[in-house]
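Now for the letters of each chain:
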Amino acid sequence: MGEKRRSDSGVRAVKRKKEGGITFKPLAWFTALCLVVYAAVTIVSQQVQIAQLKQEKDDINEQISQAKQLNDEYSRQLSSEDESEYMERIVVEDLGYAYPNERRFYVVETQ
């Protein structure tokens, strides 16, 4: 009878261990699921951020190329021998200056 009690208590101990493992199993699955969801959200947000940074890089590169073209145009104009003619054209056309005895007429359309 003593052996039967020991074997019964051994079986009960094994059942308790299994039951204890079963109660922690859903917690382990929930934790693993949370980690997977967190990793997926992190990866997606980083991919979105990478795409935005690539777009910003392309925009900046476009601005750089436009600035280089403008700089080349200015360099070409400054290196030309007829610098005074260029300056006169800019002053008259863009800034609205006129020669001392020059009359300017502006067309004003009324509608």
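Everything quoted here is computed from the prediction, not taken from an experiment. (Residues numbered from 1 in each chain as written. Predicted model: local features only at pLDDT ≥ 70, side-chain atom pairs only at ≥ 80, totals over all residues. Heavy atoms only, no water.)

## Quick word on a nonpolar patch on the surface
A surface patch of nonpolar side chains, amounting to about 270 Å² of accessible area, comprises Leu33, Val37 and Val41. Within the secondary structure, Leu33 sits in helix α1 (residues 2-79). (Patch = residues over 30% accessible without salt bridge, like charges linked within 9 Å, V, L, I, M, F, W, Y side chains within 5 Å. Areas by Shrake-Rupley, 256 points an atom, 1.4 Å probe, with all protein chains shown as cover. Salt bridge = Lys/Arg side-chain N within 4 Å of Asp/Glu carboxyl O. Helix = DSSP H or I, 4+ residues; strand = E, 2+ residues; numbered from the N terminus.)

## Some points on the pattern of salt bridges
In this structure the tally under the stated criterion is two salt bridges. As a salt-bridge pair, Glu73 and Arg76 come within 2.5 Å of each other at their nearest N and O atoms. Within this pair, Glu73 and its partner Arg76 are both found in helix α1, separated by three residues, close to a single helical turn.

## Some points on a negative patch on the surface
Residues Glu56, Asp58, Asp59 and Glu62 make up a contiguous surface patch of negative charge. Of the residues examined, Asp59 reaches a relative accessible area of 39% and is grouped as partly exposed. (Lys, Arg positive; Asp, Glu negative; His and termini not counted. Charge placed at Lys NZ, Arg CZ, Asp CG, Glu CD. Buried < 20%, exposed > 50% of the residue type's maximum accessible area, 1.4 Å probe, protein only.)

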